[in-house]
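# Structural features, examined
Here are the chains, one letter per residue:
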Amino acid sequence: MSSLLRVPAPLGLLICGAIAVFATGNAGATTCITYQPEIFELTFREITRDGTATEDPVGLGEIREMDSTVSQDGEGVLLKVEGDDKSLAKFYALDSTITPTDAVQAHIDEIDGKSTRGGALCPGVPLEVVRPGIYVFSRDWGGGDGSAIIEDPVVTVPADRQQVLLDFDYSGSAWTAVYDVDATHFDGEEPGCGCSTAPSDRGWTMVLVFLGLLGLRRCP
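Residues numbered from 1 in each chain as written. Predicted model: local features only at pLDDT ≥ 70, side-chain atom pairs only at ≥ 80, totals over all residues. Heavy atoms only, no water.

## Considering the overall build of the protein chain
Along its length, the protein chain carries 4 helices and 12 strands. Here the protein chain displays about 12,100 Å² of accessible surface, and carbon together with sulfur accounts for 55% of that area. (Helix = DSSP H or I, 4+ residues; strand = E, 2+ residues; numbered from the N terminus. Areas by Shrake-Rupley, 256 points an atom, 1.4 Å probe, with all protein chains shown as cover.)

## Things to note about the nonpolar core
Core analysis: the largest hydrophobic core is formed by 24 residues, its most contacted members being Leu42, Leu60, Met66, Leu79, Val155, Val164 and Leu166. Contributions of two or more residues to this core are made by strand E2 (36-49), strand E4 (63-71), strand E5 (74-81), strand E9 (151-157), strand E10 (163-170) and strand E11 (173-186). Counting residues per element, this core draws most heavily on E11, at 4 residues. Discounting chain neighbours no more than four positions away, the residues touching Val164 are Phe40, Leu42, Met66, Leu79, Val155, Thr156, Ala177, Val178, Tyr179 and Val181. In this structure, Val104, Ile108, Leu127 and Phe186 belong to the second largest nonpolar core, which totals 6 residues. (Core = buried A, V, L, I, M, F, W, Y, C linked by side-chain atoms within 4.5 Å. Buried < 20%, exposed > 50% of the residue type's maximum accessible area, 1.4 Å probe, protein only. Contact = heavy atoms within 4.5 Å.)

## A few points about the pattern of salt bridges
In total, this model carries 7 salt bridges according to the counting rule given. Note that Arg131 is salt-bridged to Glu75, the shortest N-O span being 2.7 Å. Linking Arg131 in the loop between strand E7 (127-128) and strand E8 (133-140) with Glu75 in strand E5, this pair joins segments that are 56 residues apart in sequence. Residue Glu75 is classed as partly exposed on the basis of its relative accessible area of 29%. Between Asp112 and Arg131 there is a salt bridge, with its nearest N and O atoms 2.8 Å apart. Of this pair, Asp112 sits in the loop between helix H2 (102-111) and E7 while Arg131 is found in the loop between E7 and E8, placing the two residues 19 residues apart along the sequence. Look at the salt bridges and you will find they share partners, linking Glu75, Asp112 and Arg131 into a network. (Salt bridge = Lys/Arg side-chain N within 4 Å of Asp/Glu carboxyl O.)

## Considering the packing of aromatic side chains
This structure, assessed with the given rule, holds 4 aromatic pairs. Chaining the aromatic ring pairs together yields one cluster made of Phe168, Tyr170 and Trp175. (Phe/Tyr/Trp six-rings, centres within 6.5 Å; stacked < 30°, edge-to-face > 60°.)

## What about the environment of Ala89?
Secondary-structure assignment places Ala89 in the loop between E5 and strand E6 (90-97). Judged by its relative accessible area of 0%, Ala89 falls in the buried class. With 29 residues separating them along the chain, Ala89 and Leu60 place their C-alpha atoms 9.8 Å apart.

## A few points about the pairing of E5
In terms of burial, E5 is a largely internal element, 6 of the 8 residues being buried. Bridging between E4 and E5 involves 8 bridges; their strand directions are antiparallel. Directly across from Ile63, in E5, lies its bridge partner Val81. Hairpin connection, E4 to E5: the antiparallel pair is bridged by 2 residues. Sheet topology note: the E5/E6 ladder contains 4 bridges and is antiparallel. The partner of Leu79 across the bridge, within E6, is Lys90. (Pairing = 2+ DSSP bridges.)

See the structure below:
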């Protein structure tokens, strides 16, 4: 009976590869990313109007996250409410850099060139760090009334990256929203994969791949 499970190693590899391709090809939507963003966890501190602390006029205090981005505009950031709420979210492109502190430069040097760990069916992707600098408005993320009413927004990430400043015009005045950076992280450091399949099909994909690998392990 065991002889039925013994196949030549090259044939086993071919079978495993075919199973993997078949499985991923039938896994529904496959999403591949080109980089893994650094995520800033933010706490709203205050908002000023013409230099004087005042009430938040448009709900910018709801913003809780900033992610690094790379697009046709080059390096940038996405400032948004935590999760997928796009009502206040905007993309900003790096306009000019600010010389980082020694500690921040050490962090940048450590991250540059690093990638997530690749998986069997997809490669790792580079980590994209947030660099100190001035970022100008590029486009809305999905649009929405809350995002559209502020004018000429500019994001500043200071040299020490301890705060994020959002300067904008509204109702004929100059405003600044200030956010403290509570923590930074990369979501992709543990998963280490550049692609993912639809959750509903992933279970069958993994079963097929496991069966293929089981056949390979039984090869001489």
